[in-house]
Amino acid sequence: MRRGLRRGLLVSIIAGVLGACGGETKVCLELSSQEPARILTRLPVKTGTPFVFEFVNSIYRSPVRETLVYNPAEGISIVMVESPCDGVFEYYGLEPDGTGRAVLNRRVGDIRIRSHDYKNHRIRAGGKTLHLEGLVANGEPLILKMRGGRECGKPVFSGG
């Protein structure tokens, strides 16, 4: 019964966060390189619809799943972190709920990703999975931001 209550609370919190984000406005999740500065790919998403960034933490060698959501007034926010490793939660300054999850609402804005190995990095959005390996050389940064309206242009997808 406690597990069901926790799951219900988790769903309620995420639904509340998503409800505050507004409905179905289409935007694009855009990944770009820094040197040279260029757009690498875009994925269409809907405002308020969660998308997921998955990777293996380089310090703890443990899988991490960040659930993110976009709100035009706030930008990108992390709403849940999942990992089997307590050290990952310490790094984020979070207390897991006993199931390897922590629910939060932390505004992060544009995201800068840098990894010595992008092999285990992927983004899941709008029913598509984008593998980050090969978009830039290992060690080079990727910039993840949201674009709307004319800036979004025709979405480009180069993943599996």
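What you see is a predicted model, and the numbers here were worked out from it, not measured in a lab.

Caption draft 1: Just the layout of surface pockets, in detail. Estimates place the volume of the largest pocket at around 470 Å³. Lining the largest pocket are 19 residues, and of these F53, F55, E66, Y91 and Y92 sit closest to its centre. Every element with two or more residues in the lining of the largest pocket is listed here: β3 (51-56), β4 (63-71), α2 (86-92) and β7 (111-114). No other element matches β7, which puts four residues into the lining of the largest pocket.

Caption draft 2: Region of the structure containing the pattern of salt bridges. In the structure shown here, the tally under the stated rule is six salt bridges. Among the salt bridges present, the one from E54 reaches R65, with a minimum N-O distance of 2.5 Å. Taken together, the residues E54 in strand β3 and R65 in strand β4 connect sequence positions 11 residues apart. What makes E54 buried here is its relative accessible area of 6%. Connected via shared salt-bridge partners are E54, R65, R122 and R124.

Rules and cut-offs
- Residues numbered from 1 in each chain as written.
- Predicted model: local features only at pLDDT ≥ 70, side-chain atom pairs only at ≥ 80, totals over all residues.
- Heavy atoms only, no water.
- 1 Å grid on protein atoms, 1.4 Å probe; cavity = no way out; pocket = protein on both sides within 12 Å on 5 of 7 lines; lining within 4 Å.
- Points joined across faces, edges and corners; volume = space filled by probe spheres on them.
- Helix = DSSP H or I, 4+ residues; strand = E, 2+ residues; numbered from the N terminus.
- Salt bridge = Lys/Arg side-chain N within 4 Å of Asp/Glu carboxyl O.
- Buried < 20%, exposed > 50% of the residue type's maximum accessible area, 1.4 Å probe, protein only.

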